[in-house]
Amino acid sequence: MNIYNMTRRELENYFENIGEKKFKARQLYDWLYKKRVKSFDEMTNIKKEIITKLKEDFEFYEPQIIKAQDGKDVHKYLFNLKDNEKIEAVLMNHDYGNSLCVSTEVGCNMGCAFCESGRLKKRRNLETYEMITQILLIEKLQNIRISHVVLMGIGEPFDNYDNVMKFIDIINDDLGIAIGARHITVSTCGIVPKIKEFSKDHRQVNLAISLHAPNDRLRSKIMKINKVYPIKEVIEAVRDYLKENNRKVTFEYIMLKGVNDSKENAIELSKLLKGLNAYVNLIPYNETSHIEFSASDKTTIMNFYDTLKKNNINVTVRREFGSEVDAACGQLRSNYKEEK
Ligand code: SAH
């Protein structure tokens, strides 16, 4: 078991099970996440016998960064995992801090037509430590602190629910990486039973839903998950989430030229979201060489924005980041494969 897989609660149970006091978990966390040591031998305030036991039960393995691409305010990293699978993470330097876009799976089974990640079927879940070390390795390499995390890299977070929730708990833990819940965003393509479970878990992190279309006909064409969980069920689950959690939800909407960017689409979207405590984030599409879709032009995006505004929908346009560094989900990874 990798040590970075363990939440503080799990470590407390571990210590109790081996007949030790549970506050040892705090000491261990201090070494892991504040002092950032990379071996048990460096944990000088922990007894020899416990260190020996820890070494038997846990390992410190970290993936490796094998490629980096640097653009202005955006850096993209490719990681090699223990079994030689590859994943990526994207760092964005905003004026409010450094935000990391983290991958949650190797590949993705959701098969959204516009998305590069889905070109590779899911091969496996990421373990929690493989998400944690995306943060640790990049912070070390760049000598920075990451203040915001978005779970919008390769993979569907709600298709790897338990490992992702442990990841959130560790990065949100004050004694762990200590990133505030409001600075963590989990994004899903709309797996309804998991939205319901997430709602009951009451984690205070932000929820984003990849909506991308205002009706089932269109959404089913570009997101096959819609055939399993149609829009009405997604909206219903979000409505319940809002009641239960008193938080706001963001709907992501990629602007695809001639597909979902007309005035009628904007009007229909306004009607769909009316009365919900929700934000729409219009995302300029990052074109990729393997996929047919193109990005809506700026005027179309602004017209769409205006229509939503006029209809009293809270809306923002996402700042374009990283088109120069293959930053669309899964691009660095798939381009790397093709170079080889
Ligand atoms: N599976 C999750 C999270 C990963 S994708 C989800 O679907 O939400 C994160 C966001 O990036 C999603 O909204 C996804 O639709 C969007 N995305 C995928 N490919 C993109 C591209 N080429 N350009 C812009 N956004 C893209």
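Reading the values: the criteria
Residues numbered from 1 in each chain as written. Predicted model: local features only at pLDDT ≥ 70, side-chain atom pairs only at ≥ 80, totals over all residues. Heavy atoms only, no water. Core = buried A, V, L, I, M, F, W, Y, C linked by side-chain atoms within 4.5 Å. Buried < 20%, exposed > 50% of the residue type's maximum accessible area, 1.4 Å probe, protein only. Domains from an automatic or database assignment. Contact = heavy atoms within 4.5 Å. Helix = DSSP H or I, 4+ residues; strand = E, 2+ residues; numbered from the N terminus. Polar contact = N/O pair within 3.5 Å; in protein donor to acceptor, adjacent residues only side chain to side chain. Buried area = accessible area lost by both parts, 1.4 Å probe. Salt bridge = Lys/Arg side-chain N within 4 Å of Asp/Glu carboxyl O. Axes fitted to C-alpha atoms, helices over the stretch in contact; angles between N-to-C directions. Parallel < 35°, antiparallel > 145°, perpendicular 65-115°, else oblique. Nonpolar A, V, L, I, M, F, W, Y, C, P; charged D, E, K, R; others polar.

## Focus on the nonpolar core
Nonpolar side chains in soluble globular proteins tend to end up buried together.
And then number 1: One finds Leu28, Met43, Phe167, Phe251 and Leu282 to be the most contacted residues of the largest nonpolar core, which totals 104 residues.
And then number 2: When residues of this core are assigned to domains, at least three fall in each of domain 1 (3-57) and domain 2 (64-325).
And then number 3: What leucine 28 contacts, discounting residues up to four positions off in sequence, is Ile3, Leu11, Phe15, Phe40, Met43, Ile46 and Leu54.

## What about the side chain of serine 210?
And then number 1: Looking at the secondary structure, you find serine 210 in strand β9 (residues 206-210).
And then number 2: Reaching out from serine 210, the side chain makes a polar contact with the side chain of glutamate 252 at a distance of 3.4 Å.
And then number 3: The contact partners of serine 210, leaving out residues within four places of it in the chain, are Ser187, Thr188, Cys189, Arg219, Met223 and Glu252.

## So, the domain arrangement of the protein chain
And then number 1: Split into domains, the protein chain comes out as domain 1 (3-57) and domain 2 (64-325).
And then number 2: Inter-centroid distance (C-alpha atoms) of domain 1 to domain 2 is 33 Å.
And then number 3: Regarding the contact of domain 1 and domain 2, the summed buried area is about 1300 Å², with carbon and sulfur atoms giving 54% of it.
And then number 4: For the domain 1 face of the interface with domain 2, the top three residues by lost area are Tyr4, Asn5 and Arg36, together amounting to 43%.
And then number 5: Along the contact surface separating domain 1 from domain 2 lie three salt bridges.
And then number 6: At the boundary of domain 1 with domain 2, the tally comes to nine residue pairs in polar contact (both at pLDDT 80 or more).
And then number 7: With four residues, the top contributor of residues to the side of domain 1 that touches domain 2 is helix α2 (residues 24-34).

## Considering the packing of helix α6 (residues 192-201) against helix α8 (residues 231-245)
And then number 1: At a minimum axis distance of 9 Å, the contact between α6 and α8 shows a crossing angle of 0°. If you check the angle between α6 and α8, you find them roughly parallel. Contacts between α6 and α8 involve Val192, Ile195, Phe198 and Ser199 from the first element and Glu233, Val234, Ala237, Asp240, Tyr241, Glu244 and Asn245 from the second.
And then number 2: Looking at side-chain class alone, the contact of α6 with α8 contains six nonpolar, two polar and three charged residues.

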